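Notes for the structure review
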Amino acid sequence: TTLRQARLVTAMTGAADTTLTSGGEYVFYIPEGKWQTHFSSLLFSADVPATVMEVSLVGTLILVAAIFPDQVQTANSMPLLELAVFMVFLSLLRRLYNSYLEAVFCSFPQYRTQPVKEHELKSAKDLTGRDLTQLENIVKQDRLTLLSQFVLDVSIYFLVPGYYPAAEASYASMHMRVLQLVLNHYVMSLGMYWMHRALHVNPWLWRNIHSLHHWAKHPLSRTTYQDHWADNFANAIIGHFFAQILIPLDHDFFWVSRIFRICESLEKHSGVSCWFNIAHSLQRWFPFAQMPHHHDWHHEGHKGCNYTFSSIGGLWDCVFGTRKTGRHPQMAETREDREMTVKDTKQTRKGMMMDHPYLCLSPVLAIGMMAAVKYVEIGI
């Protein structure tokens, strides 16, 4: 069991088996000491086989793009080399921001969304509540996610010219570009809201796909993309892809959107809700804004699974009656949190008709059909 646990720690953190009692156990224990020691070892290597795969895939893409720049260029798109370099940048961003958020979680227990005692789990489980068998499955899904996302990104580049927008000599006014970014994010959030809700209320989708993500009852930022590979694949299409077709962003704001989304996604799984959550703090002035404690409640099993499905903003949970405040430090409280009474907090769900296992997929199909029609008739 000890060796098996050590191998699991190695896969999850990139630490060697010999560090099981000297730092490699980060995924199982909250480290003690100065805050500098709390940075996750995911910063350096993560899962070694996955890292080797990532370096090989992206490295090959960089070589091809550098050697054959004209042959691989698609119309109205950024150079393939730029896309490959940005893949490297986004990978580093995920690791760095994950390490930052996990350091905050370990160093500032007063900002945790769940009390410290909630994390006093059996030694056979990690800090998020997953057992060793579940963690082994997650490691496999992580590798499949890496491969499938790479194939999807490169395929879209060649099959959908203009999806990755080329830089332009001039752009529209800044306020129009910002407005387009906001609209793009709300469209993205709408598609992801209904897909997420369907993953909960459709028994097959829940049992075979989304339940893997909810093995983490006490999420940390590292659990953000630890799903079934098909879960991440669907989110990429229904969220980013459909939104970029319907409300296209220009070159600069395309990357701004990607960076913001990564930070927002990591934050809502971080287990802390406070001013350290940079992306959430920036959007708090939007109506119905959410903080990480809303999504944390969503992970607490039977108490919250079928509430707070939104990513970005929180508008759609309020519109469709699936908002819950969750537990949180007072400083993280939003305007809507303060306005929700005890009765509101305990009320039953609204819009139950849309919880039909198949009807809940109709908004997703509708958004996909609109994106297809728009692309065929107008393009990007």
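Scroll up for the structure.
A brief structural summary. In this text the structure is predicted, and so the values were computed from the model without any measurement.

When two helices pack together, their arrangement is given by the angle between the helix axes and by the axis-to-axis distance. For the pair helix H2 (residues 48-67) and helix H3 (residues 80-107), the least separation of the axes is 7 Å and the interaxial angle reads 155°. Judged on the interaxial angle alone, H3 and H2 are roughly antiparallel. Along this stretch, H2 crosses H3, giving a crossing that reads as left-handed. For the pair H2 and H3, the contacting residues are Thr 51, Glu 54, Val 58, Leu 61, Ile 62 and Ala 65 in the first and Leu 80, Leu 81, Ala 84, Met 87, Val 88, Ser 91 and Arg 95 in the second. Its residues placed into classes, the contact of H2 with H3 shows 9 nonpolar, 2 polar and 2 charged.

Tracing the backbone through its elements, the reader meets Asp 227 in the loop between helix H6 (203-208) and helix H7 (229-246). We classify Asp 227 as buried; its relative accessible area is 4%. Residues Asp 227 and Ile 209 lie 18 residues apart in sequence; the distance between their C-alpha atoms is 7.7 Å. Those residues in contact with Asp 227, other than ones at most four positions away along the chain, are Gln 141, Thr 145, His 213 and Asn 232.

All right, on to the pattern of salt bridges then. Pairing between side chains of opposite charge can happen when their charged atoms approach one another. Under the defined criterion, the tally for this structure stands at 6 salt bridges. Among the ionic pairs, Glu 102 bridges to Arg 222, the shortest N-O distance being 2.9 Å. Of the two residues, Glu 102 sits in helix H3 while Arg 222 sits in the loop between H6 and H7, which places them 120 residues apart along the sequence. Note on accessibility: Glu 102 and Arg 222 belong to one class, buried. A single network of salt bridges, built from pairs that share partners, joins Arg 177, Asp 250 and Asp 252.

Parameters at a glance
- Residues numbered from 1 in each chain as written.
- Predicted model: local features only at pLDDT ≥ 70, side-chain atom pairs only at ≥ 80, totals over all residues.
- Heavy atoms only, no water.
- Axes fitted to C-alpha atoms, helices over the stretch in contact; angles between N-to-C directions.
- Helix = DSSP H or I, 4+ residues; strand = E, 2+ residues; numbered from the N terminus.
- Parallel < 35°, antiparallel > 145°, perpendicular 65-115°, else oblique.
- Left-handed = near helix turned anticlockwise from the far one by under 90°.
- Contact = heavy atoms within 4.5 Å.
- Nonpolar A, V, L, I, M, F, W, Y, C, P; charged D, E, K, R; others polar.
- Buried < 20%, exposed > 50% of the residue type's maximum accessible area, 1.4 Å probe, protein only.
- Salt bridge = Lys/Arg side-chain N within 4 Å of Asp/Glu carboxyl O.

Honestly, it's all geometry; don't read function into it.
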